[in-house]
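The primary structure of each chain is shown beneath.
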Amino acid sequence: MSDPFDLGAYEEPQAAAPSPSPLAPDWLDALNEPQRAAVEALDGPVLVLAGAGTGKTRVLTSRIANILGQRKAWPSRILAVTFTNKAAREMRERIAALVGPMAQDLWLGTFHSIAARILRRHAELVGLNPSFSIIDTDDQLRLLKQLLAVEGIDEKKWPPRMLAAAIDRWKDKGITPDKAGVGDSGFADGRAPDLYRQYQERLKVLNACDFGDLLLHNLTIFLTHPEVLAEWQEKFRYVLVDEYQDSNVSQYLWLRLLAQKYKNICCVGDDDQSIYGWRGAEVGNILRFEKDFPGARIVRLEQNYRSTPHILAAASGLIAHNEGRLGKTLWTALNEGEKVLVRGVWDGEEEARSIGDEVESLQRAGSRLSDMAILVRAGFQTRSFEERFIQLGLKYKVIGGLRFYERQEIRDAIAYMRVVAQPADDLAFERIFNVPKRGLGDATLQLINRTARAQSIPMLAAARILAETDELKPKARSTLRMLVESFDRWRVLLDQLPHTELVETILDESGYTAMWQADRSVEAPGRLENLKELVQALEQFENLGGFLEHVSLVMENDAGGDGDMISLMTMHAAKGLEFNAVFLPGWEEGLFPSQRSMEEKGTEGLEEERRLAYVGLTRARQRAYVYFAANRRVYGQWQAALPSRFIDELPGDHVEAQSTQGVYGSSAPAGGGRFGTFAYDAPWLTAERNLQSVGRTRDSQGRTIEGSAHPVANDSSAAFAVGSRVFHQKFGYGRVQAVDDNKLTITFDKAGTKKVIDAFVEKA
Ligand code: ATP
Ligand code: MG
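None of these values were measured; they are calculated from a predicted model.

(A) Layout of the overall build of the protein. Counting its secondary structure elements, the protein contains 27 helices and 23 strands. Within the protein, buried positions represent 56% of all 764 residues. For the protein, contacts bridging at least 24 residues in sequence account for 74% of all contacts bridging at least 6. A total of about 32,100 Å² of accessible surface is found on the protein, and carbon and sulfur atoms cover 50% of it.

Next comes the structure, spelled out in structure tokens:
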């Protein structure tokens, strides 16, 4: 097999000895008519535009198998782009099942990972060394902070995060500093383009790039070096893209350049599942495709193979409320199944309890945990489920964050590795310069920084100079000298020791391991275990560089351990996945649809939220459960919540509404549901009534829908006096014993003494 890195060594497939196709003779039978058409139309541009679960990803996988099976191209000449590393792995496995080990040589990965691979080959064309570091958001912010300080821009008024966002948006659009217009960003009175330019220069000095740069540098190289572009155009005879609706402009330009020669490009996507607009995704790329690739074959798939009719109809009914969509019909041949269950609960705790119970009962009925998922809108929602699952002894994994690699000790250890692998990596150097504490203070750091800047050299090099001069006090000087010498020694060992041993050596000699051994906090043992785990993780890589590359690219976290586990993740992270049972908690106004996205982007934001709801629902094969709570603690504040408008938009025929009142003790006085779907007494109605009865003023802080103000139950001007007689939803009648801000201690006639939130209590 040809080396995928060796651009020069192409062998035409015809030159190889003819061998029978590795594909089973009847393999195409696993496809329906239009799918088969998309799989067989190998030459020329193809756009598969179809709804959720219609087999778009299956089409891509089969297409690659077909190209290989027909010997149309070597695997190393096929470029396939997926949305996550996990999706890439799964796709590779499926292809391997069809065609065998050939699948190993495919250029299959995320936009970022493939762009990084290309950039390493041509780094010098954009002023980088091939060993450049890829920095994360943290480092990016630190760097911007430094720039703002140097420029005398008040970071309180102009937060680095805001600048980072502006720069990211430019990069998403393929805009380099020279083309960035002042009009694009009001940051610091129009100084953003200049700061962007300085930031790019600084990155170059550090021999580093950020995520957005991976694509941007590729574009710069392709546009300024036609011969390099020609090489890659020649290499990639077939280009395939999954989740095309979420590509941004810069990714689109990149694809268009690469596919320009052979025009064998196949993109699959669903405009109804475009959920990354906030990160620069352009659904318009779908419409542009036909224009840029004239004569493109458009394939529509309408049969959904994933979900039962009720789930499919509920999701379709919901997404029909969006106006800006291409519109499509979906049908399924599956049996009817259960309706989507919508359940109202008292609060987040009860929600976690109810879902925990349901999970256990599905388990008792023979379901596996790995066939279930809980999909949340916001990260903070996972905590209550994690706690509940731990209590119940249910194994779970959190997918979608850099959980392991985000831990402090892991980041520190990696910073050491980064400095050793790439001594110009100042951000890493700065992180561990005085970790563990060696008595090198801020003054020393500033001096190093100033020296580095003045001479345009990396900080480690500046430290080396300072260690030889009298700028520093003798003690700091000798400490710094020892640090520099250590890095020199480790750098030599880089070529002599296996990388796992080297890392152990670094952690020991730097005193880093000893620091945690000496630490008496409850977290310390766990941190030491994590460091051990890190060394184990290193073993899976050939060298340190490979590992560091992996760390910078890991976008999702497949939490360690194996066995049967339920998955917890955001709806964003669930794109493309499917589960037998899907739990969708927190469908409340403000939380979902998210207040922020509606405030920032108005109707557009709301429609993106609705697409997210569509993505969430369509992950379910057999069961979908939607939950809403009447009361929610959001960032430490209790808030009375209203059910999401999306609940009301679910077509009534396909939904079964349930309330857990009575089950967990929340009782509700008689009253009619205000949302068409609900004919029962929703707990949120009583919560609202409570607010009115205690004379709360309504404010619209954080919680408005369609212009009407919603109650926010965090007003602490308590209207209860010690000794007053009250009524509480769960616990009934009682007498106030003590008042502490908005917390009341009440002795209830039946339930005993409890501490409760005043918002849930009314005067009796
Ligand atoms: P999404 O929009 O969520 O990414 P998708 O369009 O990519 O969905 P797939 O994930 O490819 O859909 O397919 C959905 C499910 O249907 C998978 O379990 C897949 O194996 C199955 N499937 C797809 N096509 C067929 C088919 N022709 N016959 C039987 N099962 C199929
Ligand atoms: Mg898919």
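(B) Local environment of the sheet that holds strand β3 (residues 107–110). Taken together, 6 strands build an open sheet; the order of strands is β3-β2-β6-β7-β1-β8 and the sheet is parallel. The two strands at the open ends of the sheet, each matched to only one other strand, are β3 and β8 (297–301). Geometrically, the sheet is characterised by an average inter-axis angle of 15° between neighbouring strands, direction not taken into account. Relative to strand β2 (residues 78–82), helix α10 (residues 249–259) is tilted by about 165°, and along the sheet it contacts β2, β6 (238–241) and β7 (265–269).

(C) Quick peek at unusual backbone geometry. Here the amide bond leading from Val-435 into Pro-436 is cis, since omega sits at 0°, within 30 degrees of zero. With an omega of 5°, the peptide bond running from Phe-592 to Pro-593 counts as cis. In the Ramachandran plot, Asp-189 falls in the positive-phi region, its phi being about 50° despite a non-glycine side chain. You can see Asp-189 is positioned in the loop between α6 (160–172) and α7 (192–205). Backbone geometry at Lys-263 places phi at a positive 55°, although glycine is not the residue there. Of note, Lys-263 is situated in the loop between α10 and β7. The exposure class of Lys-263 is partly exposed, given its relative accessible area of 32%.

(D) Highlighting the site of ligand 1. Ligand 1 sits among 19 residues. The nearest are Lys-56, Thr-57, Gln-273, Glu-578 and Arg-619. The separation between an oxygen atom of ligand 1 and a polar main-chain atom of Arg-58 is 2.9 Å. The contact in question runs from a nitrogen atom of ligand 1 to an N or O atom on the side chain of Tyr-305, over 3.3 Å. For ligand 1, the accessible surface in isolation is 640 Å², of which the surrounding protein chains cover 83%. It is helix α2 (residues 56–69) that contributes the most residues to the shell around ligand 1, 3 residues altogether. Of the residues that constitute the shell around ligand 1, the class distribution is 4 nonpolar, 9 polar and 6 charged.

(E) Seen up close, the pairing of β2. By the criterion of burial, β2 is predominantly enclosed, with 5 of the 5 residues buried. Both faces of β2 are covered, namely the face carrying Ile-78, Ala-80 and Thr-82 and the face carrying Leu-79 and Val-81. As judged from the 4 bridges shared by β2 and β6, these two strands associate in the parallel manner. Looking across to β6, one finds that Ala-80 is bridged to Leu-240. Sheet analysis places β2 next to β3, joined by 4 bridges and oriented parallel. Bridged to Thr-82 within β3 is Thr-110. Crossover β2 to β3 through helix α3 (residues 85–99) is right-handed.

(F) Broad picture of the pattern of salt bridges. Per the stated rule, a full pass over the model turns up 40 salt bridges. The shortest N-O distance in the salt bridge between Arg-36 and Asp-29 comes to 3.6 Å. For Arg-36, a relative accessible area of 24% gives the class partly exposed. Among the ionic contacts, a cluster of salt bridges with common partners joins Asp-270, Asp-271, Asp-272, Arg-325 and Lys-328.

(G) Highlighting the packing of helix α20 (residues 474–493) against helix α21 (residues 499–509). Relative to each other, α20 and α21 sit at 165°, their axes nearing to 10 Å. Considering their axes alone, α20 and α21 lie roughly antiparallel with respect to each other. For the element pair α20 and α21, the recorded crossing hand is right-handed. From α20, Arg-489, Trp-490 and Leu-493 reach across to α21, where they touch Leu-502, Thr-505, Ile-506 and Glu-509. Here the residues of the contact of α20 with α21 sort into 4 nonpolar, 1 polar and 2 charged.

(H) Representation of a negative patch on the surface within the structure. There is a patch of like negative charges on the surface, built from Glu-501, Glu-504, Asp-508 and Glu-539. With 3 residues, the top contributor of residues to the negative patch is α21. On the secondary structure map, Glu-504 appears in helix α21. Judged by its relative accessible area of 41%, Glu-504 is partly exposed.

(I) Representation of helix α13 (residues 348–364). Taking 1.5 Å as the rise per residue, α13 with 17 residues should run 24 Å; its terminal C-alpha atoms sit 24 Å apart, in good agreement. Turning to α13, its buried residues number three or more, namely Gly-348, Glu-350, Glu-351, Ala-352, Ser-354, Ile-355, Gly-356, Glu-358, Val-359 and Leu-362.

(J) Region of interest: helix α1 (residues 33–40). What α1 keeps buried is the set Gln-35, Ala-38 and Val-39. Take α1 and look down its axis: the buried residues cluster within an arc of 100°, on one side only. Those residues of α1 that are buried are in contact with β1 (46–50), α2 and β8. Where α1 begins, the capping side chain belongs to Asn-32, and its oxygen is found 2.9 Å from the backbone nitrogen of Gln-35.

(K) Structural view of the packing of aromatic side chains. Following the criterion strictly, the structure yields 22 aromatic pairs and no others. For the pair Trp-587 and Phe-592, a centre-to-centre distance of 5.2 Å together with 75° between the ring planes defines the contact as edge-to-face. As far as burial versus exposure is concerned, Trp-587 and Phe-592 are alike and both buried. With a centroid separation of 6.3 Å and 80° between ring planes, the pair formed by Trp-587 and Phe-646 is classed as edge-to-face. Highlighted residues: Trp-587 in the loop between β13 (579–584) and α25 (595–617) and Phe-646 in helix α26 (residues 645–649), separated in sequence by 59 residues. Here Trp-587 matches Phe-646 in class, with each residue buried. Through successive ring pairs, a cluster of aromatic residues spans Tyr-416, Phe-429, Phe-433, Phe-487, Trp-490, Tyr-512 and Trp-516. Just above the ring of Trp-107 sits the side chain of Arg-117; from NZ or CZ to the centre is 3.6 Å.

About the thresholds
Residue numbers here run from 1 along each chain, matching the order of that chain's written sequence. All chains are assigned letters beginning with A, and all ligands numbers beginning with 1, in the order in which they are written. Given that this is a predicted model, residues contribute local features only at a pLDDT of at least 70 and side-chain atom pairs are listed and counted only at 80 or more, while totals for whole chains, interfaces and linings are drawn from all residues. For the side-chain quantities, the full set of heavy atoms in the structure was used; hydrogens and water were omitted. Only DSSP runs of H or I reaching four residues or more are called helices, and only runs of E reaching two or more are called strands; each is numbered from the N terminus. Whether a residue is buried, partly exposed or exposed follows from its accessible area with a 1.4 Å probe, protein chains only, as a fraction of its type maximum: under 20%, in between, or over 50%, in that order. We call two residues in contact when some of their heavy atoms are within 4.5 Å. Here the open area of atoms and residues is found with the Shrake-Rupley method and a 1.4 Å probe, where only the protein chains shown may cover a residue. Here a strand pair is declared whenever DSSP counts at least two bridges between the two strands. Angles shown run from 0 to 180 degrees and are taken between the N-to-C directions of axes, each axis being a line fitted to C-alpha atoms and, for helices, limited to the stretch in contact. If a single non-hydrogen atom of a residue is within 4 Å of a molecule or strand, that residue counts as near it. Polar contact is the term for a pair of N or O atoms within 3.5 Å; when the atoms are in protein, one must be able to donate a hydrogen and the other to accept it, and sequence-neighboring residues count only if both atoms are side-chain atoms. The nonpolar class holds Ala, Val, Leu, Ile, Met, Phe, Trp, Tyr, Cys and Pro. Asp, Glu, Lys and Arg form the charged class, and all remaining residues, Gly among them, are polar. For crossovers, right-handed means that the path from the first strand over the helix to the second runs clockwise, given strands pointing away from the viewer. What makes a salt bridge here is a side-chain nitrogen of Lys or Arg within 4 Å of a carboxyl oxygen of Asp or Glu, nothing more. Every angle not falling under 35 degrees, over 145, or within 65 to 115 is termed oblique; those three ranges are roughly parallel, roughly antiparallel and roughly perpendicular. The crossing is said to be left-handed when, going from far helix to near helix, the turn is anticlockwise and less than a right angle, and right-handed when the turn is clockwise. Each patch is assembled from residues with relative accessible area greater than 30% and no salt bridge, linking like charges that lie within 9 Å and nonpolar side chains (Val, Leu, Ile, Met, Phe, Trp, Tyr) that lie within 5 Å. His is not counted, nor are the chain ends; Lys and Arg add positive charge and Asp and Glu add negative charge. For this purpose, a charge sits on NZ of Lys, CZ of Arg, CG of Asp or CD of Glu. Expected helix span is given by 1.5 Å per residue-to-residue step, counting one fewer step than there are residues. An arc is given here, and it is the one of the directions from the helix axis to the C-beta atoms. Planes of paired rings set the category: under 30 degrees apart is stacked, over 60 is edge-to-face and the rest tilted, where pairs are Phe, Tyr or Trp rings (Trp by its six-membered ring) whose centres lie within 6.5 Å. Two thresholds decide whether a charge sits over a ring: the Lys NZ or Arg CZ must be within 6 Å of the ring centre and within 35 degrees of the ring normal.

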